[in-house]
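# Architecture at a glance
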2 protein chains.
Amino acid sequence: MTAAYVLGTGMVPFGKHTDKTVEEMGRDACWQAIQDAGIDPRRIEAAYCGHVFQGMNAGQRVLVDLGITGFPVYNLENACASGSSAVLAAAAAIAAGQADLVLAFGVEKLTDRFQGALTPDPGDLEGYQGMTMPASYALRAHRYMEEFGLTREQLAQVSVKNRRNAAHNPNSQFHQPVTVDEVLGSRLIADPLRKLDCCPVSDGAAAVVLGSAALARQVGARAIRIAGGALTSGKFEDRPLPMTFEDITHRAAQRAYAQAGCGPGEIDVVEVHDCFTIAEILRVEGLGLFPRGEAGARIAAGEADIGGRLPINPSGGLIGKGHPLGATGVAQLVEITTQLRQEAGVRQVEGAKVGLAHCRGGSVAGTEGGACTILILTR
Amino acid sequence: MTAAYVLGTGMVPFGKHTDKTVEEMGRDACWQAIQDAGIDPRRIEAAYCGHVFQGMNAGQRVLVDLGITGFPVYNLENACASGSSAVLAAAAAIAAGQADLVLAFGVEKLTDRFQGALTPDPGDLEGYQGMTMPASYALRAHRYMEEFGLTREQLAQVSVKNRRNAAHNPNSQFHQPVTVDEVLGSRLIADPLRKLDCCPVSDGAAAVVLGSAALARQVGARAIRIAGGALTSGKFEDRPLPMTFEDITHRAAQRAYAQAGCGPGEIDVVEVHDCFTIAEILRVEGLGLFPRGEAGARIAAGEADIGGRLPINPSGGLIGKGHPLGATGVAQLVEITTQLRQEAGVRQVEGAKVGLAHCRGGSVAGTEGGACTILILTR
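Residues numbered from 1 in each chain as written. Chains lettered and ligands numbered in written order. Predicted model: local features only at pLDDT ≥ 70, side-chain atom pairs only at ≥ 80, totals over all residues. Heavy atoms only, no water.

## A look at the overall build of chain A
When helices and strands are tallied, chain A shows 13 helices and eleven strands. With the C-alpha coordinates aligned to their principal axes, the bounding extent of chain A is approximately 55 × 45 × 45 Å. Looking at chain A as shown, the accessible area adds up to about 13100 Å², and 50% of this sits on carbon and sulfur atoms. The average position of the 34 basic charges and that of the 40 acidic charges among the side chains of chain A differ by 3 Å. (Helix = DSSP H or I, 4+ residues; strand = E, 2+ residues; numbered from the N terminus. Areas by Shrake-Rupley, 256 points an atom, 1.4 Å probe, with all protein chains shown as cover. Lys, Arg positive; Asp, Glu negative; His and termini not counted. Charge placed at Lys NZ, Arg CZ, Asp CG, Glu CD.)

## Section: the nonpolar core
Grouped together as the largest cluster of nonpolar side chains are 82 residues, with contacts concentrated most on Tyr48(A), Leu210(A), Tyr48(B) and Leu210(B). When neighbours within four sequence positions are excluded, Tyr48(B) is seen to be in contact with Tyr74(B), Leu76(B), Ala86(B), Ala89(B), Ala90(B), Ala93(B), Val102(B), Leu103(B), Ala104(B) and Phe105(B). (Core = buried A, V, L, I, M, F, W, Y, C linked by side-chain atoms within 4.5 Å. Buried < 20%, exposed > 50% of the residue type's maximum accessible area, 1.4 Å probe, protein only. Contact = heavy atoms within 4.5 Å.)

## With respect to the confidence of the model for chain A
Summary statistics for chain A give a mean pLDDT of 95 and a share of 99% for residues scoring 70 or more. Here the prediction assigns the complex a pTM of 0.96, and the interface score ipTM is 0.95. (pLDDT = per-residue confidence, 0-100.)

## Concerning unusual backbone geometry
Here Asp191(A) and Pro192(A) are connected by a cis peptide whose omega angle stands at 10 degrees. Mapped onto the fold, Pro192(A) is located in the loop between strand S5 (188-190) and strand S6 (193-194). Even without a glycine there, the phi angle at Ala79(B) is positive, about 55 degrees. The topology assignment puts Ala79(B) in the loop between strand S3 (73-77) and helix H3 (82-95). Positive phi, normally seen in glycine, also occurs at Asn313(B), with a value near 55 degrees.

## Remarks on the packing of aromatic side chains
All names here are of chain B. Overall, the coordinates contain eight aromatic pairs over all chains when judged by the stated rule. Above the ring of Phe174, the side-chain terminus of Arg163 is found at 4.1 Å from the ring centroid. The residue whose ring lies beneath Arg309 is Phe290, and the NZ or CZ to ring-centre distance is 4.8 Å. (Phe/Tyr/Trp six-rings, centres within 6.5 Å; stacked < 30°, edge-to-face > 60°. Lys NZ or Arg CZ within 6 Å of the ring centre and 35° of its normal.)

## Overview of the pairing of strand S8 (residues 224-232) of chain B
Residues and elements named next belong to chain B. Taken across its nine residues, S8 has eight buried, putting it largely inside the fold. Relative to S8, strand S1 (residues 4-15) runs antiparallel, the two being bridged by three bridges. Note that in S8 the partner of Tyr5 across the bridge is Arg225. As paired strands, S8 and strand S11 (residues 371-378) are joined by seven bridges and run antiparallel to one another. By the bridge assignment, Gly228 is partnered in S11 with Ile376. (Pairing = 2+ DSSP bridges.)

## Some remarks on the interface of chain A and chain B
If you look at the interface, chain A gives 46 residues, while chain B gives 46 residues. Here chain A meets chain B over a buried area of about 3200 Å², counting both sides, of which 57% is carbon and sulfur. There are zero salt bridges connecting chain A and chain B. At the junction of chain A and chain B, the tally comes to 28 residue pairs in polar contact (both at pLDDT 80 or more). When contributions to the side of chain A that touches chain B are tallied by element, the ones reaching two or more residues are helix H2 (58-66), strand S3 (73-77), helix H3 (82-95), strand S8 (224-232) and helix H9 (247-260) of chain A. Here the residues of the side of chain A that touches chain B sort into 22 nonpolar, 18 polar and six charged. (Buried area = accessible area lost by both parts, 1.4 Å probe. Salt bridge = Lys/Arg side-chain N within 4 Å of Asp/Glu carboxyl O. Polar contact = N/O pair within 3.5 Å; in protein donor to acceptor, adjacent residues only side chain to side chain. Nonpolar A, V, L, I, M, F, W, Y, C, P; charged D, E, K, R; others polar.)

## A look at the side chain of Arg251(B)
By the secondary structure assignment, Arg251(B) is in helix H9 (residues 247-260). If we skip the residues at most four places from it in the chain, Arg251(B) touches Gly70(A), Thr232(B), Ser233(B), Gly234(B) and Lys235(B).

## Observations concerning H3(A)
All names here are of chain A. Over its 14 residues, H3 runs 20 Å from end to end, which matches the ideal 20 Å to within 8%, given 1.5 Å per residue. A large share of H3 lies buried, amounting to 13 of its 14 residues. Gly97 sits one or two residues past H3 and shows a positive phi near 75 degrees. (Expected span 1.5 Å × (residues − 1).)

## Here's the deal with the side chain of Gln332(A)
Residue and element names in this part refer to chain A. By the element assignment, Gln332 lies in helix H13 (residues 325-340). Note on Gln332: relative accessible area 2%, which makes it buried. There is a polar contact of 2.9 Å between the side chain of Gln332 and the backbone oxygen of His358. In contact with Gln332, not counting residues within four places along its chain, are Glu271, Val272, His273, Leu318, Lys321, Ala357, His358 and Cys359.

This is how it looks when you write it as structure tokens:
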């Protein structure tokens, strides 16, 4: 099995784009990626679109707007990991030799559909009784604080770091850094989580052009290799789920590391699914990047800052850059690619050679969730 | 590239299942397919779920109900071709050697969401002005009748044939045959199409277990080979689209025939996407199975009956069996597999060796549609 390469990236800055349709956002991101790759769009053989709420044939609608039609288009959904699922499907087609040049993108316009936080799905009885996403992460935060002595201030530092990184990212929803006091003074959402512990409601789009090794050689040093990728779903458990350790992330990571032929010690930069401050802590421990129970304190101490031992979410993450569900996983890949190309400007992680992107999607009763995706990139 | 094989099939009879959840329907169809294949469900390596309206992580929710979790699950959407898109993605994973045993299924519960016909998507301005699915096919029917002299009675014969076939299919929504007079006397929907020219609103689920050649050898003669498969999207046209010829179906068919190494003359049995009576006529001509302009008259003359030259929709098709969007494409595969296994009982097409399943999904402005899928099976 050969590897797939990222040849080009594009994205529409995340934010509240009430003036743009989802087709326009998708089109702009895809066109940027095509231009960045320097390829003739007519050579694209297939497209994979990740989204959650954008209706039937969203990918096709974007591509009609772009003027590239008539080839296979797959729309993929895996909740908040929809975009990365589309990337994995696209990379698999190249790795299998079924195509040499494909487009993977993610789109989402949430402001059309939700005024504030996302409401539970119809039929989600637990959600309607209060067990929403913020509530379930609030329980995990309480448990982690109790078990490992994480302080409320340390938890806030995750948001402070990600908002600081976001301020340097032109593609971010937020450009204003926040302080620990501002996090602690923001509106209570689900104790102990406050508004600035949560990712915002966002619109946006992101795209990557993926190609075979032969095409990567033509592109040269700016082509970034997808060395490993994994998707897994949560396991059903007939006992209470562990709240402070993410087995789904751990299992996906083991597979991705094995495929890439590396371990957590070789990762230079990471984008993780920080839908809430506590989520970043749980995920980097699940990935084996920080010892269990220590990530919170170490992030607070600056170890995950740009310039620290292992920068986490240099893009600003979901908390700072925004979280338009289907676009998120693709935008992570855009950031890791930019970092490995050494083109991240003031956000640059010096000498980054190996990067990892982690996404989590959905909550399925009795399991740890619907999907976890991991992509490991190397230059 | 090796071929994938259908090792087992299952489905929940289509109909109005107000008493069953989508998870229950999906679980029952998957479990039947697993039992039919005679495999240990713990050996399944990945799952591909096609659906349109079933919310986040629908595939995972079905699999949790079934008790098989912890592996990659992809949810695919391509409007009415969602189920067949899931099958194609699953078959590609096997063909690429990325997995040896996968599950592909489709689920849909429409009665929760729609009282009668499907309403246009928000933002579908043409739909809200009246250009709904029945209306667009009504225009095509008028044009075809004008161009090729098809009579209203001949058009009705498509429904009569499919309802007759459905009456012999225990998995059908309708078990009562209809007459030409009943079709012509049914309620007018969009002139010239009447209620019995249209597929119904349905709930249901269908599943297939797909495996590699090595596993197919273990299963023996009941394993049916997927010899060819194609997915394509509609081309954007800046001129009026042809109304009486389906270019999208024609293009997909050319690719599928080439992959299978056969032509339309070798097909023994076909399931096509007869969302309306006129649709069946347009599709079998696009597939090259009947000369252009002649399919209507030939179907009316009995050429497509079970026992005729080329049986079309022996299952009853969408009109007779029902059309729970995401499940439809998988159910077509269930029927073709049953036919090639010579297990279709009174619906059996004698000696059927090569079968074709055709699905069409979605309407995207300025194009012929979102997706067309074709699967060619051989025994």
